[in-house]
Protein chains: 2
Amino acid sequence: MSSNGVGVGVGVGVRPGNVPVYHGSDLKVVDRRVRIAELVFRCVICGLGVLAAALIGTDTQVKVIFSIQKKAKFTDMKALVFLVVANGIAASYCFLQVLRCVVSILRGNVLFNKPLAWIIFSGDQVIAYLTLAAVAAAAQSAVFAKLGQQELQWMKICTMYGKFCNQVGEGIASALVVSLCMGALASLSAFNLFRLYGDNKGKNSSGRW
Amino acid sequence: MSSNGVGVGVGVGVRPGNVPVYHGSDLKVVDRRVRIAELVFRCVICGLGVLAAALIGTDTQVKVIFSIQKKAKFTDMKALVFLVVANGIAASYCFLQVLRCVVSILRGNVLFNKPLAWIIFSGDQVIAYLTLAAVAAAAQSAVFAKLGQQELQWMKICTMYGKFCNQVGEGIASALVVSLCMGALASLSAFNLFRLYGDNKGKNSSGRW
């Protein structure tokens, strides 16, 4: 074993049963920062996901036009339903992940379990793409509602339902932050997964492929 | 040096100036497959990106209604313009990356350059999220155009412009495949980047964090 800050790995580290050896305090610092960042991102997503779903899910406005009562609610627009569902899923998923993070911190575990790292990576990727797609679709609907589409004779509805539209806007802003955080989190979990494949790096740099 | 398929790395592999040693033919196979997959994905994205942009960008239909000529074109809908631009960017980006892949294959280089790996990873991530957001927004617009929105009195326009809508649908399908391939590619480049950080794995499994 060397003591120059570089580990000499002989099949250790990637198997959960083994206890790998540690050298180099800078790596410890990086690992600690990654874990703190992960926990912070997951808490933010959990909070803002619930906020976004609540803002849009509870949004209603009643207008009386020529004695006819018209009620705007989020189920009138499928994109908003999709956004509420996607943010609900993201918040629930991140809540479970926060529990896992806290348990692993309390137990002092380090993630060396490849199957678990794969599950977390896949989950984060799916949720990141899901939340982004939901935000993009909802934002597109919001643009139509706010500006209308002259060429297609789709009229603006935000002139009629101003308060409803503002609250939807706040929900979309919150959901946008959720999807950006999920993107960052997906990169973090890719880092946590693929560094377990670091053994691969010792290969011939003049290889045929 | 061991010969049991596990590399003994002492500070090599992550610095481009060094020539790392290679053990284990299974790792060579994995690396070869990753490179083939990367090249195939980038070629598919390049081809389908151009196809999607061309299908939507060249799509027009003229209707005569009560002697008034009406022309539908993709610039009538901002989401379609966004989709054309996003797929144009993705195709150009992947074309450059295909050139890089071919050069590195011809030269027999293996990617051990951390800054370059970071640039490729970041580029792939941005393009993946960009193309997905564009597809989601365009799909949402297409749903409105196809089904209308009864509650908001937004009428269907695909009954009027059937051929135009069909071609847009083909373009969106092509763009969807592009964004799925970009997602897979972003994971591949995350693998290529973060396995360079494999030195980190040799750490204390009973660490405080």
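Residues numbered from 1 in each chain as written. Chains lettered and ligands numbered in written order. Predicted model: local features only at pLDDT ≥ 70, side-chain atom pairs only at ≥ 80, totals over all residues. Heavy atoms only, no water.

If you look chain A up in an unreviewed UniProt entry, it shows as CASP-like protein from Kingdonia uniflora. Quoted straight from UniProt, the Subcellular location (unreviewed entry) entry for chain A says "Cell membrane". We quote the UniProt Subunit (unreviewed entry) comment for chain A here in full: "Homodimer and heterodimers." (UniProt positions renumbered as here; feature names shortened; annotations may be inferred.)

A. Quick peek at the overall build of chain A. When helices and strands are counted, chain A shows four helices and two strands. Scanning chain A from its N terminus toward the C terminus, one meets helices and strands in the order α-β-β-α-α-α. Of the contacts made within chain A by residues no fewer than 6 positions apart, 76% connect residues no fewer than 24 positions apart. (Helix = DSSP H or I, 4+ residues; strand = E, 2+ residues; numbered from the N terminus. Contact = heavy atoms within 4.5 Å.)

B. Seen up close, the pairing of strand 1 (residues 60–65) of chain B. Residues and elements named next belong to chain B. Pairing of strand 1 with strand 2 (residues 68–73), which is carried by six bridges, proceeds in the antiparallel orientation. By the bridge assignment for strand 2, lysine 63 is matched with lysine 70. Two successive antiparallel strands, strand 1 and strand 2, enclose a turn made up of two residues, where phenylalanine 66 displays a positive phi of approximately 50°. (Pairing = 2+ DSSP bridges.)

C. Region of interest: the state of the cysteines. Residues and elements named next belong to chain B. Under the defined criterion, the tally for this structure stands at two disulfides over all chains. For cysteine 158, the disulfide goes to cysteine 165, at an S-S distance of 2.0 Å. With the S-S dihedral at roughly -85°, the linkage between cysteine 158 and cysteine 165 falls on the left-handed side. Its relative accessible area of 12% is what places cysteine 158 among the buried residues. When its relative accessible area of 17% is taken as the criterion, cysteine 165 is described as buried. Free cysteine cysteine 46: the closest other cysteine sulfur is in cysteine 94, separated by 6.5 Å. (Disulfide = S-S within 2.5 Å. Buried < 20%, exposed > 50% of the residue type's maximum accessible area, 1.4 Å probe, protein only.)

D. Inspection of the nonpolar core at higher detail. Formed by 52 residues in total, the largest nonpolar core has its most connected members in Ile45 and Phe194 of chain A together with Ile45 and Phe194 of chain B. Residue assignment for this core shows that the elements contributing at least two residues are helix 1 (25–57), helix 2 (78–107), helix 3 (114–147) and helix 4 (162–194) of chain A together with helix 1 (25–57), helix 2 (78–107), helix 3 (114–147) and helix 4 (162–194) of chain B. Filtering out sequence-adjacent residues up to four positions away, isoleucine 45 of chain A remains in contact with Ala90, Cys94, Val178, Cys181, Met182 and Leu185 of chain A. The next biggest cluster of nonpolar side chains, apart from the first, holds 50 residues, and it includes Val84 and Ala145 of chain A together with Phe74 and Ala86 of chain B. (Core = buried A, V, L, I, M, F, W, Y, C linked by side-chain atoms within 4.5 Å.)

E. Spotlight on the UniProt feature "transmembrane region" (unreviewed entry) in chain A. All names here are of chain A. UniProt's feature table lists "transmembrane region" (unreviewed entry) at residues 39–58, 79–106, 126–147 and 168–191, given in the numbering used throughout. In the segment residues 126–147, helix accounts for 100% and strand for 0%; the C-alpha atoms at its two ends are 32 Å apart. Across residues 168–191, the secondary structure splits into 100% helix and 0% strand, with the terminal C-alpha atoms separated by 35 Å.

F. How the structure looks around the pattern of salt bridges. Residues and elements named next belong to chain B. The tally for this structure, following the rule as stated, stands at ten salt bridges over all chains. Between arginine 100 and glutamate 38 there is a salt bridge whose closest N-O contact spans 2.8 Å. Taken together, the residues span a long stretch of sequence, with arginine 100 in helix 2 and glutamate 38 in helix 1 at a distance of 62 residues. The residue aspartate 59 makes a salt bridge to lysine 163 at a minimum N-O spacing of 3.6 Å. Of this pair, aspartate 59 sits in the loop between helix 1 and strand 1 while lysine 163 sits in helix 4; the two residues are 104 residues apart in sequence, bridging distant segments of the chain. (Salt bridge = Lys/Arg side-chain N within 4 Å of Asp/Glu carboxyl O.)

G. Examining the confidence of the model for chain A more closely. All names here are of chain A. On average, residues of chain A carry a pLDDT of 80, and 80% of them reach 70 or more. A low-confidence stretch, residues 200–209 (pLDDT under 50), is modelled with 43 contacts involving residues beyond four sequence positions or located in other chains. For this predicted complex, the interface confidence reaches an ipTM of 0.77, while the overall pTM sits at 0.79. (pLDDT = per-residue confidence, 0-100.)

H. Fine view of the environment of glycine 183 of chain B. Turning to its location among the elements, glycine 183 of chain B is positioned in helix 4. Along the sequence, glycine 183 of chain B and valine 64 of chain B sit 119 residues apart, while their C-alpha atoms lie 43 Å from each other. Ignoring anything within four residues of it in the chain, the contact list for glycine 183 of chain B reads Tyr129 of chain A together with Ala128 of chain B.

I. Main features of the packing of helix 2 of chain A against helix 4 of chain A. Residues and elements named next belong to chain A. Running from N to C, helix 2 and helix 4 cross one another at 45°; their axes reach a closest spacing of 11 Å. When the interaxial angle is binned, helix 2 and helix 4 end up oblique. Once helix 2 is placed against helix 4, the crossing between them reads as left-handed. For the pair helix 2 and helix 4, contact is made by Leu80, Leu83, Asn87, Ala90 and Cys94 and by Val168, Ile172, Ala175, Val178, Met182 and Leu185, respectively. Of the residues belonging to the contact of helix 2 with helix 4, the class tally is ten nonpolar, one polar and no charged. (Axes fitted to C-alpha atoms, helices over the stretch in contact; angles between N-to-C directions. Parallel < 35°, antiparallel > 145°, perpendicular 65-115°, else oblique. Left-handed = near helix turned anticlockwise from the far one by under 90°. Nonpolar A, V, L, I, M, F, W, Y, C, P; charged D, E, K, R; others polar.)

J. Expanded view of the packing of aromatic side chains. Residues and elements named next belong to chain A. Counted by the stated rule, this structure contains 21 aromatic pairs over all chains. Here phenylalanine 144 and tryptophan 154 contribute two aromatic rings whose centre-to-centre distance is 5.2 Å and whose plane-to-plane angle is 85°, an arrangement assigned as edge-to-face. Here tryptophan 154 lies in the loop between helix 3 and helix 4 and phenylalanine 144 lies in helix 3, a separation of ten residues in the sequence. Residue tryptophan 154 is classed as buried on the basis of its relative accessible area of 2%. Centre to centre, the rings of phenylalanine 194 and tyrosine 197 are 6.4 Å apart; their planes meet at 55°, and the pair counts as tilted. Each member of the pair, phenylalanine 194 as well as tyrosine 197, carries the same accessibility label: buried. (Phe/Tyr/Trp six-rings, centres within 6.5 Å; stacked < 30°, edge-to-face > 60°.)

K. Inspection of the packing of helix 3 of chain B against helix 4 of chain B at higher detail. Residues and elements named next belong to chain B. It is the contact of helix 3 with helix 4, at a shortest axis distance of 8 Å, that shows an interaxial angle of 155°. The orientation of helix 3 with respect to helix 4, classified from their angle, is roughly antiparallel. Note that helix 3 runs across helix 4; the crossing there is left-handed. Across the contact of helix 3 with helix 4, the residue classes tally to 21 nonpolar, five polar and two charged.

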